[in-house]
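In case you want the letters, here they are:
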Amino acid sequence: MSGNYKKNILRARPRLLYAGSFTGNAGWQNEKRPAEAAEIVVVGKGGGKAEIGDDTYPFAAGDVIVYNRGCAHREWLDDTPQKELLFFGVGNLHIGGLEPDAVLKDRPFCLVHAGDAFGAIYAYASQLLTESESALPLHETMAGYLLRLLLLSAVRLSAYDGEMLEENRNYTEAKRYFDEHYAEIDSIDAVCKSLYINKYYLSHLFTQKMGIPPVRYLMNKRIELACHYLETTDWNMADVGKACGYADPCYFSRLFKRTKKITPLRYRYLFKLEKEKKEKKK
């Protein structure tokens, strides 16, 4: 992620256009409208939902919502004893590689849980709100520093969330490809070529999401298909193996036994035996 942003990410001094908090009654806190500027919302307490476009997204304490300018939205607070949303509008925003007044690239909003970083983010937001309403000496300078800290924190969170979204998208596409073509896949290299994805990255995705590498996922899908054919047809082992993507019947039998702990022939025999017992009981 460090390579995505240069050292001087802020190309101008951002300006705080407005700041405030929602801490009152439950329900909709504002009218749905396009954001007049980039906005950062910090969920300090309680929970609720954000209506963005035609969809709604739940949020809870510890979440941060980032809107690009123009993103139509409104927030709802649940009826809980404690509730708090801190919101900030940011102008004169020029982030390297992004459109003016944008915090996000290629998406209008981001809702992400801040995790361990939330303590610091909440402290920046709370103090920024205090300084924005203060008349103490240097309050504008303090607010400027706090705004940059809050903004950079939001950029870092959204960048991480964006990477996760991209990773989830890649995994979903890869899994769909396996699910649709598992009986005809020649090799993992061929899959990577079709998906324009690195072999090691593909292995990382499957291992992280499913706990097994793609080769194992492919084999499991094929063996389950083999079980179906063994249960529903009288095909010989060569035909079953070929229908599941294995041209060599000996190799297919070895893989089947390694996975199911019995041979394909034994599996078919036991299945038929169990089926006959059930039919006799009827």
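Residues numbered from 1 in each chain as written. Predicted model: local features only at pLDDT ≥ 70, side-chain atom pairs only at ≥ 80, totals over all residues. Heavy atoms only, no water.

Caption draft 1: Focus on the nonpolar core. Grouped together as the largest cluster of nonpolar side chains are 31 residues, with contacts concentrated most on Val42, Val103 and Leu150. At the level of secondary structure, the elements contributing two or more residues to this core comprise strand S4 (38–45), strand S7 (63–67), strand S9 (84–91), strand S10 (109–113), helix H1 (118–132) and helix H2 (139–181). With eight residues, H2 is the largest single contributor of residues to this core. Each residue touching Val103, except ones within four places of it in the same chain, is listed here: Ala38, Val66, Asn68, Leu93, Ile95, Leu98, Leu151, Val155 and Ser158. The next biggest cluster of nonpolar side chains, apart from the first, holds 29 residues, and it includes Tyr182, Leu202, Leu205 and Tyr229. (Core = buried A, V, L, I, M, F, W, Y, C linked by side-chain atoms within 4.5 Å. Buried < 20%, exposed > 50% of the residue type's maximum accessible area, 1.4 Å probe, protein only. Helix = DSSP H or I, 4+ residues; strand = E, 2+ residues; numbered from the N terminus. Contact = heavy atoms within 4.5 Å.)

Caption draft 2: Just the sheet that holds S7, in detail. Spatially, S1-S9-S4-S7-S10 is the arrangement adopted by the five strands of the open sheet, whose pairing is antiparallel. A single partner strand is all that each edge strand has here, and the edge strands are strand S1 (15–22) and S10. Neighbouring strand axes in the sheet, compared pairwise and without regard to direction, differ in orientation by 15° on average. Note that S4 and S9 share seven bridges and pair antiparallel. Note on S9: the bridge partner recorded for Glu39 is Gly89. (Pairing = 2+ DSSP bridges. Axes fitted to C-alpha atoms, helices over the stretch in contact; angles between N-to-C directions.)

Caption draft 3: Fine view of unusual backbone geometry. Notably, Asn92 is not glycine yet its phi reads approximately 50°, a positive angle. In this fold, Asn92 is placed in the loop between S9 and S10.

Caption draft 4: Seen up close, the confidence of the model for the protein chain. Confidence in the prediction for the protein chain averages 87 pLDDT; 93% of positions are at 70 or higher. In this model, residues 1–6 is a region of pLDDT below 50 whose contacts with residues beyond four sequence positions or in other chains number eight contacts. (pLDDT = per-residue confidence, 0-100.)

Caption draft 5: Inspection of the packing of helix H5 (residues 214–232) against helix H8 (residues 264–281) at higher detail. Two elements in contact, H5 and H8, have axes separated by 9 Å at closest approach and are oriented at 50°. Here H5 lies oblique to H8, going by the angle between them. Our pair here, H5 against H8, has a crossing hand that is right-handed. Of the residues in H8, those touching H5 at Cys227, Tyr229, Leu230 and Glu231 are Pro264, Tyr267, Arg268 and Phe271. Its residues assigned to classes, the contact of H5 with H8 shows six nonpolar, no polar and two charged. (Parallel < 35°, antiparallel > 145°, perpendicular 65-115°, else oblique. Left-handed = near helix turned anticlockwise from the far one by under 90°. Nonpolar A, V, L, I, M, F, W, Y, C, P; charged D, E, K, R; others polar.)

Caption draft 6: Summary view of the packing of aromatic side chains. Scanning all chains against the criterion turns up 12 aromatic pairs. Between Tyr229 and Trp235 the ring centres are 4.7 Å apart and the planes differ by 35°, which places this aromatic pair in the tilted class. The class for Tyr229 is buried, based on a relative accessible area of 18%. The rings of Tyr246, Tyr251, Phe252, Phe256 and Tyr267 are connected pair by pair, giving a single aromatic cluster. A cation over a ring is seen here: Lys49 above Trp76, with NZ or CZ 5.2 Å from the ring centre. Stacked on the ring of Tyr246, the Lys or Arg Arg222 has its end atom at 5.0 Å from the ring centre. (Phe/Tyr/Trp six-rings, centres within 6.5 Å; stacked < 30°, edge-to-face > 60°. Lys NZ or Arg CZ within 6 Å of the ring centre and 35° of its normal.)

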